[in-house]
2 protein chains.
Amino acid sequence: MKRDHAYCATLFLAAALFATAVRSQAPDPLPSWNEGRAKQTIMAFVRSTTAKAASTYVPPAERIATFDNDGTLWAEQPVYFQLLFALDRVKALAPRHPEWKTKEPFASLLKGDLKKALAGGDKAIAEIVMVTHAGMTTEQFEGIVKDWITTATHPKTGRLFTEMVYQPMLEVLAYLRANGFKTFVVSGGGIEFMRPWTETVYGIPPGQVVGSSIKTKYERRDGKPVLVRLPAIDFIDDKAGKPVGINSHIGRRPVAAFGNSDGDRQMLEWTQGGGGGRLMMLVHHDDAAREWAYGPKSKIGTFSNSLMAEAKEQGWIVISMKHDWKRVFAFER
Amino acid sequence: MKRDHAYCATLFLAAALFATAVRSQAPDPLPSWNEGRAKQTIMAFVRSTTAKAASTYVPPAERIATFDNDGTLWAEQPVYFQLLFALDRVKALAPRHPEWKTKEPFASLLKGDLKKALAGGDKAIAEIVMVTHAGMTTEQFEGIVKDWITTATHPKTGRLFTEMVYQPMLEVLAYLRANGFKTFVVSGGGIEFMRPWTETVYGIPPGQVVGSSIKTKYERRDGKPVLVRLPAIDFIDDKAGKPVGINSHIGRRPVAAFGNSDGDRQMLEWTQGGGGGRLMMLVHHDDAAREWAYGPKSKIGTFSNSLMAEAKEQGWIVISMKHDWKRVFAFER
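The rules behind these values
- Residue numbers run consecutively from 1 along every chain, following the written order of its sequence.
- Lettering for chains starts from A, numbering for ligands starts from 1, and both go in the order in which the items are written.
- Only residues with pLDDT of 70 or above have their local features reported here, since the model is predicted, and side-chain atom pairs are shown and tallied only from 80 upward, although totals for entire chains, interfaces and linings are computed over all residues.
- In computing side-chain values, all of the structure's heavy atoms are included and hydrogens and water are not.
- For the exposure calls, accessible area comes from a 1.4 Å probe over protein chains only, and a residue counts as buried if that area is under 20% of its type's maximum, exposed if over 50%, partly exposed in between.
- Secondary structure elements are taken from DSSP: a helix is a run of H or I of four residues or more, a strand is a run of E of two residues or more, and numbering for both begins at the N terminus.
- Comment: arc refers to directions from the helix axis out to C-beta atoms.
- Whether two residues touch is decided by their heavy atoms; if any such pair falls within 4.5 Å, the residues are in contact.
- At least two bridges found by DSSP between two strands is the condition for calling them paired.
- Clockwise travel from the first strand over the helix to the second, with the strands pointing away from the viewer, marks a crossover as right-handed.
- Throughout, an axis means a line fitted to C-alpha atoms (over the contacting stretch in the case of helices), and angles, computed between N-to-C directions, take values from 0 to 180 degrees.
- Here a pair means two rings of Phe, Tyr or Trp (six-membered ring of Trp) with centres within 6.5 Å. Their orientation is stacked below 30 degrees between planes, edge-to-face above 60, and tilted elsewhere.
- Here, over-ring charges are defined by two tests on the NZ atom of lysine or the CZ atom of arginine: distance to the ring centre within 6 Å, and angle to the ring normal within 35 degrees.
- Just to be clear on terms, a salt bridge is a Lys or Arg side-chain nitrogen sitting within 4 Å of an Asp or Glu carboxyl oxygen.
- Known as pLDDT, the predictor's confidence for each residue is given on a scale from 0 to 100.
- Residues adjacent in sequence count toward polar contacts only when both atoms are side-chain atoms; beyond that, a polar contact is any pair of N or O atoms within 3.5 Å, and within protein one must be able to donate a hydrogen and the other to accept it.
- For this scheme, ten residues count as nonpolar: Ala, Val, Leu, Ile, Met, Phe, Trp, Tyr, Cys and Pro. Four count as charged, namely Asp, Glu, Lys and Arg, and the remainder, Gly too, count as polar.
- Our superposition of the copies is a least-squares fit, built on the C-alpha atoms of residues whose pLDDT is at least 70 in both.
- Expected span of a helix, by definition, is 1.5 Å for each gap between consecutive residues, and there is one gap fewer than residues.
- Note that the term roughly parallel is reserved for angles under 35 degrees, roughly antiparallel for angles over 145, roughly perpendicular for angles of 65 to 115, and oblique for everything else.
- For a crossing to be left-handed, the near helix must be turned anticlockwise from the far one by less than a right angle; the clockwise case is right-handed.

1. Thoughts on helix α12 (residues 305–314) of chain B
Residues spaced three or four apart along an α-helix point in a common direction, a consequence of the helix completing one turn every 3.6 residues.
Then comes step 1: Along α12(B), the residues that are buried comprise B:Leu307, B:Glu310 and B:Ala311. All buried residues of α12(B) project into a common sector of 100° when viewed along the axis, lining one side. Exposed residues lying more than 90 degrees from the buried face of α12(B) are B:Asn305, B:Lys312 and B:Glu313.
Then comes step 2: Considering only its buried residues, α12(B) is in contact with β3 (209–221) of chain A together with α11 (265–272), β6 (279–284) and β7 (317–320) of chain B.

Below you can see the structure in the form of structure tokens.
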């Protein structure tokens, strides 16, 4: 019997050694990142927050990582994709609204003159959003978004919008989750515009999506309980609204936050304010060849000089798309 | 070598058989429940939603169970515990507010005349809530709640309020989670009053707590980013507000919902409206000996006759504390 025991023990030991060997040759979790400060910082952050002996150790329940969406997880040029969704909806709804032929901003929109349509500024945008996002039940809206997101294509690349996501950021999401982090979207975009597809595309379930919202009302229609979407703003999850939205939905301060514009400044400040092991990063769009290059002067995804100054002063890492990313989109090559 | 292999295989087989035997003799997951319709319904629901072959199967991502708090997970008599918290805060803050000596509802409160203090109705309650829940940062408020919840005691039982939780419901929470359900609190109570202790007491983390809220504002104090609690209602998570709160925070319709009063009616309707395998239950307080007995005439936790009628018509299970629960509180016996 002794020999048998020894044999089994040897077998087990060999298996354990093999497992260790495999682990130490683990594949690079961030293969689309070039070697450099950005990649090193992410990996050092994960090591320092998950090693139990480290002074910067973060218990699993507190491993919260938040990601802006537009310009951080997926592209946002030539305009926010949700605006393109709204424009498509205006076209689809036009036959039911003959009055739009002479009423701005719809008249210009339907003629294809986006510039003139948006000349009305925030008021024009709000009008477009309300007629396209309110007046139906939450289930109906979910269906409309699912239809659009699986069929509409990007005006420049001809790709589905869900293909316009950044491969290096998908790797960061997966890497953090593999290390016990809970990943959240915290976006100025509409919460119910994102939820129908974030789980499939980012691996982030609806309950981990924070965004801007319009009011909803519970009622019965034909005896069935529904939530009706009302033409009234409930919450704007942008700038100083981001820490408010995080507190309301997550109830815990993030230890890692990723953004790309002035709209993310307060989220990064709020994250850093918690002290201990923290990671604050900003995606900088400086790659006109593979994506777009824009910064302080862009109305979409403004990355102001004062944000850049704060990033430097606070030690936030600015990710250069051009230099830090081996590949931007999965469909490249 | 052959004999060695056979020996190892036998060892493994024995271990596997042992594991199966242990499993088939699994301990009762609901030991504080008497055998009966309520317990049977809960167990049948779990079996029917987790058995892959069942037509009522629910994939893990959609296993959402929501629980009201006051009167469903913990007691709510003689008044909601959060009101007792507010009264204690009024006493603690009184030295800083000499004007309260002559100003209602504070004057009566400080004299111990709760009835006269609350004679002002909702307006009086709102005033008490605002002076005790607003005007500090979210971190300060969390500290105040933690202090109170670990020291204040129930006026009748002398127990900590976190001991006034229902043992049978703790077992339901654990049983559902063991079967892949995600459990949420959906309460009319304050979201930031509950979050500091729900993880320890119910095993429910802050991000899975939905409740009423006041507005918060992001600002810098002494160079540090903070969220300040403002004296303005943000959202009331009660009655028709519960489906709204669920949609906003969870983004998925529950498949199981537990309540105990008219405030939970719409949450149960919304849950049932999704179709498929569903579980709707109401705790009925009919045990004056071990807890309290109250129903349609109670101002706290009203269980109206029309709610009882709807429960019968819709097939919602009414849990009799007296008959269905072997034990109400863990501290019994």
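2. Examining the pairing of strand β6 (residues 279–284) of chain A
Residue and element names in this part refer to chain A.
Then comes step 1: β6 sits mainly inside the fold: six of its six residues count as buried.
Then comes step 2: Burial along β6 is two-sided: the residues Leu279, Met281 and Val283 and Met280, Leu282 and His284 are all buried.
Then comes step 3: Bridging between strand β5 (residues 256–259) and β6 involves four bridges; their strand directions are parallel. Each residue of the ladder has a partner; that of phenylalanine 258, found in β6, is methionine 281.
Then comes step 4: Pairing of β6 with strand β7 (residues 317–320) involves four bridges; the strand directions are parallel. Within β7, the position partnered with histidine 284 by the bridge is serine 320.
Then comes step 5: In the classification by handedness, the crossover that spans β6, the intervening helix α12 (residues 305–314) and the parallel β7 is right-handed.

3. A word on the sheet that holds strand β4 (residues 224–235) of chain B
Residue and element names in this part refer to chain B.
Then comes step 1: Taken in spatial order, the seven strands of this open sheet run β4-β3-β2-β1-β5-β6-β7, and their pairing is mixed. Each edge of the open sheet carries a strand with a single partner, namely β4 and β7. Between one strand axis and the next, the sheet turns through 35° on average, direction left out of account.
Then comes step 2: Of the pairings in the sheet, the one linking strand β3 (residues 209–221) to β4 comprises eight bridges and is antiparallel in character. Following the sheet pairing, glutamate 219 is matched in β4 by valine 226.
Then comes step 3: Packing against the sheet, helix α9 (residues 191–202) makes contact with β2 (182–190), β3 and β4, and its axis sits at approximately 115° to β3.

4. Concerning the packing of aromatic side chains
Then comes step 1: Across all of its chains, the model carries 34 aromatic pairs over all chains by this definition.
Then comes step 2: Plain terms: the ring middles of A:Trp197 and A:Tyr202 are 5.6 Å apart, the flat faces sit at 65° to each other, and that makes the pair edge-to-face. A:Tyr202 carries the same exposure label as A:Trp197, and that label is buried.
Then comes step 3: Seen from their ring centres, B:Tyr166 and B:Trp325 are 5.4 Å apart, and the 45° between their planes marks the pair as tilted. One end of the pair, B:Tyr166, is in the loop between α7 (138–149) and α8 (167–178); the other, B:Trp325, is in the segment after α13 (321–324), and 159 residues separate them in sequence. For the residue pair B:Tyr166 and B:Trp325, the accessibility class agrees, reading buried in each case.
Then comes step 4: The ring centre of A:Trp292 lies 4.8 Å from the NZ or CZ of A:Lys156, which sits over that ring.

5. Points about the pattern of salt bridges
Then comes step 1: Under the criterion given, the structure shown has 36 salt bridges over all chains.
Then comes step 2: The partner of B:Glu139 in a salt bridge is A:Arg253, with the nearest N and O atoms 3.1 Å apart. Placement of the pair is B:Glu139 in helix α7 and A:Arg253 in the loop between α10 (241–249) and β5, with the two residues belonging to separate chains.
Then comes step 3: Judged by relative accessible area, which is 44%, B:Glu139 ranks as partly exposed.
Then comes step 4: On the accessibility criterion, A:Arg253 (15% relative accessible area) is buried.
Then comes step 5: Note that B:Asp287 is salt-bridged to B:Arg290, the shortest N-O span being 2.7 Å.
Then comes step 6: According to the relative accessible area criterion, B:Arg290 is partly exposed, its value standing at 26%.
Then comes step 7: Several salt bridges share partner residues, and in doing so they unite A:Asp28, A:Glu35 and A:Lys39 into one network.

6. A word on the confidence of the model for chain A
Parts of the prediction with low pLDDT should not have their coordinates interpreted in detail.
Then comes step 1: When pLDDT is averaged across chain A, the result is 93; 92% of the residues are at 70 or more.
Then comes step 2: We note a pTM of 0.91 for the whole complex and an ipTM of 0.91 for its interfaces.

7. Focus on the environment of B:Arg159
Residues and elements named next belong to chain B.
Then comes step 1: Position of arginine 159 relative to the elements: it lies in the loop between α7 and α8.
Then comes step 2: For arginine 159, a relative accessible area of 29% gives the class partly exposed.
Then comes step 3: For arginine 159 and phenylalanine 331, which are 172 residues apart along the polypeptide, the C-alpha to C-alpha distance reads 9.1 Å.
Then comes step 4: Among all residues touching arginine 159, those that are not within four sequence positions of it are Ala152, Thr153, His154, Met164 and Phe331.
Then comes step 5: A distance of 3.3 Å separates the side chain of arginine 159 from the side chain of glutamate 163, its partner in a polar contact.

8. Looking at the interface of chain B and chain A
Then comes step 1: The interface of chain B with chain A comprises 42 residues on the first partner and 42 residues on the second.
Then comes step 2: For the interface between chain B and chain A, the tally reads six salt bridges.
Then comes step 3: We note a salt bridge from A:Glu269 to B:Arg220, for which the minimum N-O separation is 3.5 Å.
Then comes step 4: For the side of chain B that touches chain A, the secondary structure elements donating two or more residues are α1 (2–24), α7, α9, β3, β4, α10 (241–249) and α11 of chain B.
Then comes step 5: Considering every element that reaches the side of chain B that touches chain A, the biggest residue donor is α1(B), with seven residues.
Then comes step 6: For the side of chain B that touches chain A, the class distribution of residues is 18 nonpolar, eleven polar and 13 charged.

9. A few points about the relation of the copies chain B and chain A
Then comes step 1: If you rotate chain B by 180° and push it 0.0 Å along the axis, it lands on chain A with an RMSD of 0.0 Å. Interpreted geometrically, this transformation is the action of a two-fold axis.
Then comes step 2: Looking at the interface residues of chain B, 100% of them are also at the interface in chain A, so both copies use one shared face.

10. Notes on helix α7 (residues 138–149) of chain A
Residue and element names in this part refer to chain A.
Then comes step 1: For α7, spanning twelve residues, the distance from its first C-alpha to its last is 16 Å, which sits close to the expected 16 Å at 1.5 Å a residue.
Then comes step 2: Within the sequence span of α7, burial applies to Thr138, Phe141, Ile144, Val145, Trp148 and Ile149. The arc enclosing the buried residues of α7, seen along the axis, measures out at 120°, which places them on a common side.

11. Side note on unusual backbone geometry
Then comes step 1: Note that the residue after A:Glu104, namely A:Pro105, is joined by a cis bond; omega there is 5°.
Then comes step 2: Residue position: A:Pro105 is located in the loop between α3 (81–93) and α4 (106–110).
Then comes step 3: Here the residue pair B:Gln77 and B:Pro78 is connected by a cis peptide bond, since its omega of 0° sits within 30 degrees of zero.
Then comes step 4: Located in the positive-phi region is A:Asp222, a residue other than glycine, with phi close to 55°.
Then comes step 5: Its place among the elements puts A:Asp222 in the loop between β3 and β4 (224–235).
Then comes step 6: We note that A:Lys239 has phi near 50°; this positive angle belongs to a residue other than glycine.
Then comes step 7: The residue A:Lys239 is located in the loop between β4 and α10 in this model.

12. Considering the pairing of β3(A)
Then comes step 1: Where strand β2 (residues 182–190) of chain A meets β3(A), three bridges bridge the pair, whose relative direction is parallel. Considered in β3(A), the bridge of A:Val186 is made with A:Val210.

13. A word on the packing of α11(B) against α12(B)
Residues and elements named next belong to chain B.
Then comes step 1: Where α11 meets α12, the axes come as close as 11 Å, and the angle between the chain directions of the two elements is 15°. Between α11 and α12, the interaxial angle falls into the category roughly parallel. For the pair α11 and α12, the sense of crossing is left-handed. Taking contact as the criterion, the partners of Arg265, Glu269 and Gln272 in α11 are, on α12, Ser306, Leu307, Glu310 and Gln314.
Then comes step 2: Taken together, the residues that form the contact of α11 with α12 break down as one nonpolar, three polar and three charged.

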